[in-house]
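Now for the letters of each chain:
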Amino acid sequence: MLTALEIHDLLLLERAEIELGPGLSVLTGETGAGKSILLDALGLALGRPGRGAEVRPGAARGEAAASFELPLGHPAWELVAEAGIAADPGEELILRRVVTAEGRRTAYVQGRRVPAEALAAIGRALVEIHGQHDERTLTDPRAHRAMLDAFGGLEPLRAEVAAAWRRWREAEAALEARRAELARAEAEEDFLRHALEELEALAPEPGEAAELETRRRLLKAAAAVGEDVARAAAALGAEGAWGQAAEAMRWLERAAPRAEGALDGALAALSAALDALADAERELDTAREAIAADPAELERVEDRLFALRGLARKHAVSPDELPALAADLAARLAAIEAGAEGLAELERARDAAEAAWRRAAEALGAARREAAARLDAAVAAELRPLRLEHARFTTEVAPDRPGPEGAERVTFLVATNPGTPAGPLDRIASGGELSRFLLALKVCLAGGAEAGRVMIFDEIDRGVGGATADAVGRRLARLAQSAQVLVVTHSPQVAARAQRHFRVVKGAEGGTARTRIERLEGEARTEEIARMLAGERITEA
């Protein structure tokens, strides 16, 4: 609910503070007083374009602020959060816009600066303004479908269709991605098979290249290393260290019986040394065999090593990565061979998702056709009192391209005179007739999607009077039972049914035009309605 509107230095308004409430409120005043200024200023606060952004002459800047009380779960709170503003859903929501004399505009939500498009999105969720010559909801077929769904309470069905459409599109995308992947794989199948055959024939092992490189270096150094090992073996052998140690051992053993144990330690150490020398000699023999120069083995090692390195360069990997490459190529070939089965499974999933969407769309289409018949009857019942007794209103539900909102196009058609063909509203109905068609639709939608909304009508009763104006007033009052309605009107029949009555008064101060807004109650309100009836100022009897 719009609770207050505060305006400073906009157009001809120096300052105005208006407190609003539920139900029907009206704004009246003499022609030229500037009644639409209020709507222009509200539009500015809501982020809409228009003349509401004109700063009052002589002022440096102007601003308009609109305050709202909203229930928990109102769509506007989600938009506020998307704008990056942390707000308690139980608090008052305040939209404000400031414009300088140079034309710079700044938007605020809850006192924090926001982009203009964020303010406009929140404003659209809060208030529906129907200005003069502005019945776009009746001339835009996209709005027709939404209005029909709101009338029929079809939002759950429409949400089901949208979800089914999303699942269908996702399944179709997964299928197309798989097809593209298989096409790429099949295009390189011959290469994969040839590459895998090469790898399987070579059968590389992890770490093999490093081991071969070590063996190659050892074999190439075998001659020089062998000479040094032979010299070392000679130095350790019977003619060398071992022989001399053995000779020392014999001399000590001859002397030991006469040494009374003094040589026992030396004998033990020398015995251990002989054992160690024997071990070293055996290890040298093993080493000489391992590093023995073998040209045939060196050739075999180099051939294997160069084969591994060459295949690795061919595939732009390291030799150690060849086993993993072989596994990857094998997996890709297996995927190609299993591709037909996987593709068939994705096709079945796509077909199932499409069938689910079609079932949901058919249910929505049937519900729309049933709701269209009810809407036509409901609107027809509203047209006669609105001086449109000869008009025929028809909701056409026709096939359309499949989409997330179903497979129907909804168009409101009207014939305003008997015997004339029905056509689009904007081509058949006049401006005043469009306004009354809009009111009839809004009354039919009351209690559904319109419940709790703020709706503003700018002279929806223009061009009618008498019983027709009274019928307009009755319907606005009925609409205000489920929504907050503010009407700019010249009709006393409409003004008389309002819970709150405001009057716009234009005057001059210091040679400058000024407009003020005042709330009327009691005798002042009675006098204003009498003025509207008489079309002139009321005097004492």
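Treat the numbers as computed from the prediction; the structure is a model and nothing was measured. (Residues numbered from 1 in each chain as written. Predicted model: local features only at pLDDT ≥ 70, side-chain atom pairs only at ≥ 80, totals over all residues. Heavy atoms only, no water.)

**Thoughts on the pattern of salt bridges**
For the record, the criterion: Only one rule defines a salt bridge in this text: a Lys or Arg side-chain nitrogen within 4 Å of an Asp or Glu carboxyl oxygen. Helix and strand definitions here come from DSSP, where helices need a minimum of 4 consecutive H or I residues and strands a minimum of 2 consecutive E residues; each element is numbered from the N-terminal end. Classification of residues uses two cut-offs on accessible area relative to the type maximum, computed with a 1.4 Å probe and protein chains only: under 20% is buried, over 50% is exposed, and between them is partly exposed.
In this structure the tally under the stated criterion is 36 salt bridges. Close ionic contact of E172 with R350 constitutes a salt bridge, the shortest N to O distance being 3.2 Å. Of this pair, E172 sits in helix 6 (residues 155-187) while R350 sits in helix 13 (residues 322-383), and the two are 178 residues apart along the sequence. An identical accessibility class is assigned to E172 and R350; each is buried. Ionic pairing is found between R519 and E521, a salt bridge with its closest N-O pair at 3.7 Å. Residue classification places R519 among the partly exposed positions, given a relative accessible area of 43%. Judged by its relative accessible area of 56%, E521 is exposed. Through salt bridges that share partners, E213, R216, R217, E302 and R309 make up one connected network.

**Regarding the packing of helix 8 (residues 208-220) against helix 12 (residues 295-314)**
Going by this rule: Under this scheme, a helix contributes an axis fitted over its contacting stretch, all axes are lines through C-alpha atoms, and angles between N-to-C directions fall in the 0 to 180 degree range. Left-handed describes a crossing whose near helix is turned anticlockwise from the far helix by less than a right angle; the clockwise case is right-handed. A contact between two residues is defined here by any heavy atoms of the two lying within 4.5 Å. Here the term charged refers only to Asp, Glu, Lys and Arg, the term nonpolar to Ala, Val, Leu, Ile, Met, Phe, Trp, Tyr, Cys and Pro, and the term polar to all other amino acids, Gly among them.
Their axes nearest at 9 Å, the elements helix 8 and helix 12 cross at an angle of 145°. Judged by the sense of rotation from one axis to the other, the crossing of helix 8 with helix 12 is left-handed. Taking contact as the criterion, the partners of E208, A209, L212, E213, R215, R216, L219 and K220 in helix 8 are, on helix 12, E297, L298, V301, E302, R304, L305, F306, L308 and R309. Here the contact of helix 8 with helix 12 is composed, by residue class, of 8 nonpolar, no polar and 9 charged.

**Section: the sheet that holds strand 11 (residues 423-424)**
The condition is simple: Note: two strands are recorded as paired if DSSP finds a minimum of 2 bridges between them.
Within the open sheet, the 3 strands sit side by side as 9-10-11. Their pairing is antiparallel. In this open sheet, the two strands that pair with only one neighbour each are strand 9 (392-403) and strand 11. In the sheet, strand 9 pairs with strand 10 (residues 406-415) via 9 bridges, with the strands oriented antiparallel. Bridge pairing links T395 to F412 in strand 10. Across the sheet, helix 5 (residues 141-152) lies against strand 9 and strand 10, angled at about 100° from strand 10, the strand it touches most.

**Looking at the domain arrangement of the chain**
For clarity, the threshold we go by: Per the annotation, domain bounds derive from an automatic or database assignment of domains.
Each assigned domain of the chain is listed with its residue range as follows: domain 1 (2-139 + 425-534) and domain 2 (203-338). One C-alpha centre belongs to domain 1, the other to domain 2, and the line joining them spans 98 Å.

**Quick look at the pairing of strand 10**
Across the 10 residues that make up strand 10, a large majority, 9, are buried. Between strand 9 and strand 10, which follow one another and run antiparallel, lie 2 residues. Of the pairings in the sheet, the one linking strand 10 to strand 11 comprises 2 bridges and is antiparallel in character. Bridged to V414 within strand 11 is G423.

**Things to note about a negative patch on the surface**
Applied cut-off: In this analysis, a patch consists of residues with relative accessible area above 30% that form no salt bridge, clustered at 9 Å for like charges and at 5 Å for the nonpolar side chains Val, Leu, Ile, Met, Phe, Trp and Tyr. All accessible-area figures derive from a Shrake-Rupley calculation using a 1.4 Å probe, and residue coverage is judged against the displayed protein chains alone. The positive count covers Lys and Arg only, the negative count covers Asp and Glu only, and His and the chain ends enter neither. Where a charge lies is defined by one atom per residue type: Lys uses NZ, Arg uses CZ, Asp uses CG and Glu uses CD.
A cluster of like negative charges, contributed by E69, D88, E91 and E92, occupies part of the molecular surface. As for its placement among the helices and strands, E69 is situated in the loop between strand 4 (61-68) and helix 2 (75-82).

**Things to note about unusual backbone geometry**
Most of the time, phi is negative for any residue but glycine, and the peptide bond is trans. Unusually for a residue other than glycine, D9 sits at a positive phi of about 55°. You can call D9 buried: its relative accessible area is 17%. For Q110, which is not glycine, the phi dihedral falls at a positive 55°. Its place among the elements puts Q110 in the loop between strand 6 (105-109) and strand 7 (112-114).

**Overview of helix 12**
This is how it is decided: In this scheme, a helix's expected span is set at 1.5 Å multiplied by one less than its residue total.
Taking 1.5 Å of rise per residue, 20 residues should cover 28 Å, and helix 12 covers 28 Å from first to last C-alpha, within 8% of that figure. Residues L298, V301, E302, L305, L308, L311 and A312 constitute the buried set of helix 12. One or two steps after helix 12, the chain reaches A316, where phi turns positive at roughly 60°.

**A closer look at the packing of helix 2 against helix 3 (residues 116-126)**
The condition is simple: Orientation labels follow simple angle bins: below 35 degrees gives roughly parallel, above 145 gives roughly antiparallel, 65 to 115 gives roughly perpendicular, and whatever is left gives oblique.
Relative to each other, helix 2 and helix 3 sit at 175°, their axes nearing to 9 Å. As far as their axial angle goes, helix 3 and helix 2 are roughly antiparallel. Contacts from A76, L79 and V80 of helix 2 reach helix 3 at A121, I122, A125 and L126. A per-class count over the contact of helix 2 with helix 3 returns 7 nonpolar, no polar and no charged.

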